[in-house]
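Analysis of the macromolecular model
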Amino acid sequence: RWLPFGECIMQMAVACLPNPLQAAPKRLPVLCPRWFTDFKEGESSLADSLWRSDAAAAPVVYLAKFLSADLDHLVLTGDTLRGDEDVQFVGICRIFSGTLRPGDEIFIVQEEGSGKDGQPRKLRVQRLFLLMGRFLEEVTEGAAGS
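Calculation notes
Residues numbered from 1 in each chain as written. Predicted model: local features only at pLDDT ≥ 70, side-chain atom pairs only at ≥ 80, totals over all residues. Heavy atoms only, no water. Buried < 20%, exposed > 50% of the residue type's maximum accessible area, 1.4 Å probe, protein only. Helix = DSSP H or I, 4+ residues; strand = E, 2+ residues; numbered from the N terminus. Contact = heavy atoms within 4.5 Å. Phe/Tyr/Trp six-rings, centres within 6.5 Å; stacked < 30°, edge-to-face > 60°. Polar contact = N/O pair within 3.5 Å; in protein donor to acceptor, adjacent residues only side chain to side chain. Axes fitted to C-alpha atoms, helices over the stretch in contact; angles between N-to-C directions. Parallel < 35°, antiparallel > 145°, perpendicular 65-115°, else oblique. Nonpolar A, V, L, I, M, F, W, Y, C, P; charged D, E, K, R; others polar.

Here we take up helix α4 (residues 45–52). Along an α-helix, residues three or four positions apart point the same way, because every turn accommodates 3.6 residues. Within the sequence span of α4, burial applies to Ala47, Asp48, Ser49 and Leu50. Where α4 is buried, its residues touch α2 (20–31), α3 (33–36), β1 (60–70) and β3 (88–97). Following α4 by one or two positions, serine 53 adopts a phi angle in the positive range, close to 50°.

Here it is in structure tokens:
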């Protein structure tokens, strides 16, 4: 009988990897050193919500990368474009606090400023997906830790 490899890996991940609350003290000082190097709870409500991965707080999302996707078949198609293809993109991100839903307005902010005039760029969330390998599973919301 073959071992259920997928099941074994999932059990090991659950047993060995920290949940978002346990990971925050190690993760946040690296991701946001300005806020979390000498973090003291209660100094900033936004920092507190990030530290607690609070799904009820204001949404804070880290957008890691855009990938091309075939949204009719709910599958990623890669990150290399060839020629003048008509391509749709999805943003691969991690929600650190809050909850995102389709229709929500979000602001894209970069550490060194945003856009030509230094202002954040505003976008509207159209659809949300869970990434399952290269396949996309549409969901109605994404909460902190997703």
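Taken as a whole, this structure holds three aromatic pairs when the rule is applied. For the ring pair phenylalanine 36 and phenylalanine 39, a centre distance of 5.3 Å and an interplane angle of 40° mean the geometry is tilted. The class of phenylalanine 36 is buried, set by a relative accessible area of 2%. Ring geometry for phenylalanine 39 and tryptophan 51: centres 4.4 Å apart, planes at 20°, overall stacked. Placement of the pair is phenylalanine 39 in the loop between α3 and α4 and tryptophan 51 in helix α4, with a sequence separation of 12 residues.

As a further point, take the side chain of serine 97. Examined against the element boundaries, serine 97 turns out to sit in strand β3. Here alanine 58 takes part through its backbone oxygen, which lies 2.8 Å from a polar atom of the side chain of serine 97.

Before going further, it helps to spend a moment on the packing of α2 against α4. Contact pair α2 / α4: the axes reach a minimum separation of 7 Å and the direction vectors enclose 120°. Taken together, α2 and α4 sit at an angle that is classed as oblique. Contacts between α2 and α4 involve Leu21, Ala24, Pro25 and Leu28 from the first element and Leu50, Trp51 and Arg52 from the second. Of the residues belonging to the contact of α2 with α4, the class tally is six nonpolar, no polar and one charged.

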